[in-house]
Amino acid sequence: MTPVALARAPWPDPYLNVDDYDPEADLMVINLGPQHPSTHGVFRVVLYLDGEIIIKAIPHPGYLHRGVEKLCEKLTYAQITPIVDKNDYVAPMLNEQAVNMAFEKMLGVEVPLRARYMRTILAEIQRVASHLLWLGTFAMDLGGALGGGTSVFMYCFRERESILNLFEDLTGCRFHYNTHTVGGQRHDIPAGWAAKVHQTLEAISQRIPEYETMLEHPIFVRRTKGVGVIDADLALELGLTGPLLRASGVDHDLRRDAPYHIYDQLKDLAVAVESEGDCMARYKVRVKELRESIRIARMLIDNVPEGPISGGRPIKQPGQFKAKGGQVYVGIETPRGELGTYLIAGGGKMGDTPYRLKIRPPSLHALACVPYVFPGHSLSDAVAILGSLDPIMGEVDR
Amino acid sequence: MAVNESDRSFDHPLYETLERFPGLDLATTAVDKVLTWGANNSQWIFPMATSCCGIEFMAAAASLVDLDRMGSITRGSPRQSDLMVVAGTITVKMAPRVKRLWDQMPEPKWCIAMGSCAISGDFYRDIYSVIPGIDVAIPVDVYIPGCPPNPEQLMAGMLRLQEKVNLKRAGLWSPPETRPETGKTIEPAIKRLLQAGRDERITAAQLDQAMSLMLPAVDLPPRPEPEPEPTAEADAGTTEAPAAPATPDGGHHE
C-alpha cells in the first residue's frame, strides 16, 4: 500500500506531539510486541493509529538486555569469545571475528594467512545463512504463518540447515561455535570439507532463482515496492550501515572500503547498491549479496594456503594475554551492517581483562529509523518494514 | 517445578453425558483413550522465543525436523495454545509478560524450558537484569538442556512430554522433573524477584509499573462541550448536576 503523505518535511518528526495531529481524530493505541511473531524477537512498538494509518511510533527495546558488556569486563580475553556468540545469534561467526580482531589489534598478535583465509570463507558462508534466514522470515511476515509465506520459509531453512551442517563438520556445533581465538582459529579444515562446501553452495546458488520466481508474485511486489522508504540523508543521519544503507543508494561496504582479513586481495568484490530505499530494494540488495558471498566463498575455498591456523601459543591458561592500557576500534561488515568493537584494555588486577568493551550493533541503528519511517504507513506495512530492517534483538539490547 | 495437580483439569463435558446413561459409562475408557490421543498429538505451541533458542525452535518447526508431524502447530495467541516453549533468556523486564501470557493459556497447559538460559540463566544468571531460569516464574514440565539444544533434542523433549501427558491422564504418578544442573525441583515464585520489600530501593509504585503493561499517557485535548440550551428546564438540570457524583449509580439501578 502506498504510504500516506503526512505533509511533514523532510521526514516525519519522531517527537511529534500527538495532540498536534488532529484533536478530533479518534486515536487508537496499539501495542505491537514484545511477544509478537513478526517482531523478530522481543521488541515493542507503541503505535498511534488514525484509522489504519500510523501517525506515531515509539520503539521500546530492552526486553533482552543481558548485560553482555558488563559481563565481559570480568572475563579474560580468551573467555569472551563464547559470550559474544550470543549477541547476534543469526551470524555468530562474525561476532567472534569482531572481538578477536579487536583483541589481536590491541595485543599485537599476528594472524597467519591460512587463518585469515578461513575467516573470510566462514564470514561469507555465514552471510549466506543469515540472509537465507532473513528471506524466509521476511516472506513469512508478508504471507502470514499459515499463508503462502510458509513455502519460502521452509525452502530457506532447508538451505540453511545444509550450511549449519558445514559448520557442524568444522566446529562440532550448529551455532555458537567458539572457533575463533586470539591469534587464529581453533579448528582446522577437516578432510573433504572443501568439496562439501562446493556442493552445498552450488545447490543453493541453483535454487536462488526459484525463490526469486516465487517472490515475483504481485502481492509480494505490492507489499514491498514503495513501502518504508529511507532516503540516503536519513540513512546517513541515523548511522545505518550494511544492506539498509546500500539499498538507500549509498555505496559503502567495509569489506571494500576498510578491508580486513584478505578482502584487500579481492579486487573484483561487487557491492550491491540500489537507489530506491524501500523494502523491495533491501530485498534486492540482500539477494545480490547472497550470490556474491557464494561466489567469494567458492573462489577462496580452493586457494586456502597451507600453514598454521593459529599464530600464538596454544591457550593453556586464561590470563595468557595481558595489556596495560590503550584503546582500539575495529569495525567489520556483518550481514546487518557495521559491527564495531571498541576496546579499552587494562582491566583487572593483572590487565588480562578489558576495562571496557563497547559493542556497536548495526541492528540498534536500524531500529532507530522506526519512528521516522513508520508514520504514514498502514499497520500491516509496519510488519513488512520491521521485517525488512532485519533486527536481531540480541545485539540491540545486548 | 511443583505443579498443583488439582489445577490440571481433564474433565470433559462428554463424560457427564456418558455417565448419565447406564451402559454407556463403559464407553468412557474408549473416549478417554481418544481424548488422550488427541491431546498428545495436537499440542499447539505458543513460542516464547526471545533469543538464540528461538532460532533453533524455528529450525525445528521448519522442514528438516518438522514439528508439524506431531500435530504441533505454532500459534501466535496464548488462548489457542496448549504448550508454551520458553526458548531463550528471560529478563526481569520480560518475566512479568511471560507470566501474564502463561496465565492467559487455557488449562490443561504445559511448559517446556528450552536451553540453558530458560533453565538456569546460564552465564547470565548473575547479571542484574536476568532471572535465573523461567521456573521461578511459571511451572516447567520438561527441561531440555543445551546451548542451544538441537532440533532433535526439542523433538525428544516433546516425546517426553507425551509420556508425561499419558501418565497424568491415566492418573498415574510421574517422576517430578528436576533441574538438569542441580537435580532439584523448585517452586515457582516470581514474588521472590519482584516482591515489594525485597529491595528497599524498589517502591510499590515501581513494582506496579513493572508488572503492568504501562503505556505512555496521552492527554488529548478535551472536546468542546455542547453548550446548554438556554431554557428554564436545562438550567434546572445543570443546577442538579453537581449532586450526581455523590450517588453515581443510583439512577441506573432504579
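Residues numbered from 1 in each chain as written. Chains lettered and ligands numbered in written order. Predicted model: local features only at pLDDT ≥ 70, side-chain atom pairs only at ≥ 80, totals over all residues. Heavy atoms only, no water.

**Q** I'd like a rundown of the overall build of chain B, residues and numbers included.
**A** Helix and strand content of chain B: 10 helices and 4 strands. The helix and strand sequence of chain B, counted from the amino end, reads α-α-β-α-β-α-β-α-β-α-α-α-α-α. Long-range pairs, those at least 24 residues apart, make up 76% of the contacts in chain B between residues at least 6 apart in sequence. For chain B, the exposed area adds up to about 14100 Å²; of that, 56% sits on carbon and sulfur atoms. (Helix = DSSP H or I, 4+ residues; strand = E, 2+ residues; numbered from the N terminus. Contact = heavy atoms within 4.5 Å. Areas by Shrake-Rupley, 256 points an atom, 1.4 Å probe, with all protein chains shown as cover.)

**Q** Outline the side chain of S388 of chain A, supporting the account with residue identities and numerical values.
**A** Residues and elements named next belong to chain A. You can see S388 is positioned in helix α14 (residues 379–389). A polar atom in the side chain of S388 sits 2.5 Å from the side chain of R282. In terms of polar contacts, S388 uses its side chain to reach the backbone carbonyl oxygen of I385, at 2.8 Å. Ignoring anything within four residues of it in the chain, the contact list for S388 reads W134, F138, L244, C279, R282 and R286. (Polar contact = N/O pair within 3.5 Å; in protein donor to acceptor, adjacent residues only side chain to side chain.)

**Q** Tell me what's going on with the nonpolar core, and back it up with residues and numbers.
**A** Generally speaking, soluble globular proteins have nonpolar side chains that are buried together. With 147 residues, the main nonpolar core has F374 of chain A together with M84 and I134 of chain B as its most contacted residues. Those residues in contact with M84 of chain B that sit more than four places away from it in its chain are F46, M48, V98, L101, W102, M105, W110, C111, I112 and I138 of chain B. One finds A60, M70, L83 and M158 of chain B within the second-largest nonpolar core, a separate group that totals 20 residues. (Core = buried A, V, L, I, M, F, W, Y, C linked by side-chain atoms within 4.5 Å. Buried < 20%, exposed > 50% of the residue type's maximum accessible area, 1.4 Å probe, protein only.)

**Q** Quick one: what's the story with the sheet that holds strand β3 (residues 110–114) of chain B, residue by residue and with numbers?
**A** All names here are of chain B. The strand order across the open sheet built from 4 strands is β1-β2-β3-β4, with neighbouring strands paired in parallel fashion. Strand pairing shows two members of the sheet lacking a second neighbour, β1 (45–49) and β4 (142–144), which therefore form its edges. Neighbouring strand axes in the sheet, compared pairwise and without regard to direction, differ in orientation by 20° on average. (Pairing = 2+ DSSP bridges. Axes fitted to C-alpha atoms, helices over the stretch in contact; angles between N-to-C directions.)

**Q** Can you lay out empty space enclosed by the protein for me, pointing to particular residues and giving the numbers?
**A** Summed over all chains, the structure comprises 2 cavities of 30 Å³ or more. Quantified by volume, the largest cavity comes out at close to 60 Å³. R66 and K86 of chain A together with S51, C52, C53, G88, T89, G115, S116, C117, C147 and P148 of chain B are the residues that line the largest cavity. Residue composition of the lining of the largest cavity, grouped by class: 5 nonpolar, 5 polar and 2 charged. Here the second largest cavity defines a volume of roughly 30 Å³. For the lining of the second largest cavity, the secondary-structure elements that each account for two or more residues are α4 (113–143) and α5 (149–171) of chain A. Tallied by class, the residues present in the lining of the second largest cavity amount to 7 nonpolar, 1 polar and 1 charged. (1 Å grid on protein atoms, 1.4 Å probe; cavity = no way out; pocket = protein on both sides within 12 Å on 5 of 7 lines; lining within 4 Å. Points joined across faces, edges and corners; volume = space filled by probe spheres on them. Nonpolar A, V, L, I, M, F, W, Y, C, P; charged D, E, K, R; others polar.)

**Q** Kindly report on the pairing of strand β7 (residues 337–347) of chain A, identifying the contributing residues and their values.
**A** Residue and element names in this part refer to chain A. Counting buried positions over the 11 residues of β7 gives 8, a clear majority of the element. Here 8 bridges tie strand β6 (residues 327–334) to β7, and the two strands are oriented antiparallel to one another. Paired with Y329 across the strands is Y342, a residue of β7. Linking β6 to β7, which pair antiparallel, is a turn of 2 residues. By the bridge criterion, 7 bridges tie β7 to strand β8 (residues 353–360) in an arrangement that is antiparallel. For G340, the partnering residue across the bridge sits in β8 and is R360. In this antiparallel pair of consecutive strands, β7 and β8, the connection spans 5 residues, and G348 shows a positive phi of 75°.

**Q** So, the state of the cysteines: which residues are in play, and what are the values?
**A** Residues and elements named next belong to chain B. Per the counting criterion, the structure on display carries 0 disulfides over all chains. As a non-bridged cysteine, C52 has C53 as the owner of its nearest cysteine sulfur, 6.0 Å distant. Not engaged in a disulfide, the cysteine C117 finds its nearest cysteine sulfur in C147; these two sulfurs lie 5.8 Å apart. (Disulfide = S-S within 2.5 Å.)

**Q** Describe the sheet that holds β7 of chain A, and please don't skip the residues or the numbers.
**A** The strands that make up a sheet pair up through hydrogen bonds in the backbone, lying either parallel or antiparallel. All names here are of chain A. The antiparallel open sheet is built from 3 strands, whose spatial order is β6-β7-β8. Edge positions in the sheet fall to β6 and β8, since each of these pairs with one other strand and no more. Going from strand to strand, the sheet's axes swing by 20° on average, the running direction of each strand aside. Running over the sheet, helix α3 (residues 92–107) touches β6, β7 and β8 and is turned about 150° from β6.

**Q** Lay out the environment of D68 of chain B in plain terms, naming residues and giving numbers.
**A** Among the secondary structure elements, D68 of chain B is positioned in the loop between α3 (52–61) and β2 (83–87). Taking the C-alpha atoms as reference points, D68 of chain B and M84 of chain B, separated by 16 residues in sequence, lie 15 Å from one another.

**Q** Before we move on, could you go through the confidence of the model for chain B and cite the residues and values that matter?
**A** Residues and elements named next belong to chain B. Looking at chain B as a whole, the pLDDT averages 74, with 69% of positions reaching at least 70. For the stretch residues 1–9, pLDDT sits under 50, and the model shows 20 contacts to residues farther than four places along the chain or on other chains. For this predicted complex, the interface confidence reaches an ipTM of 0.85, while the overall pTM sits at 0.80. (pLDDT = per-residue confidence, 0-100.)

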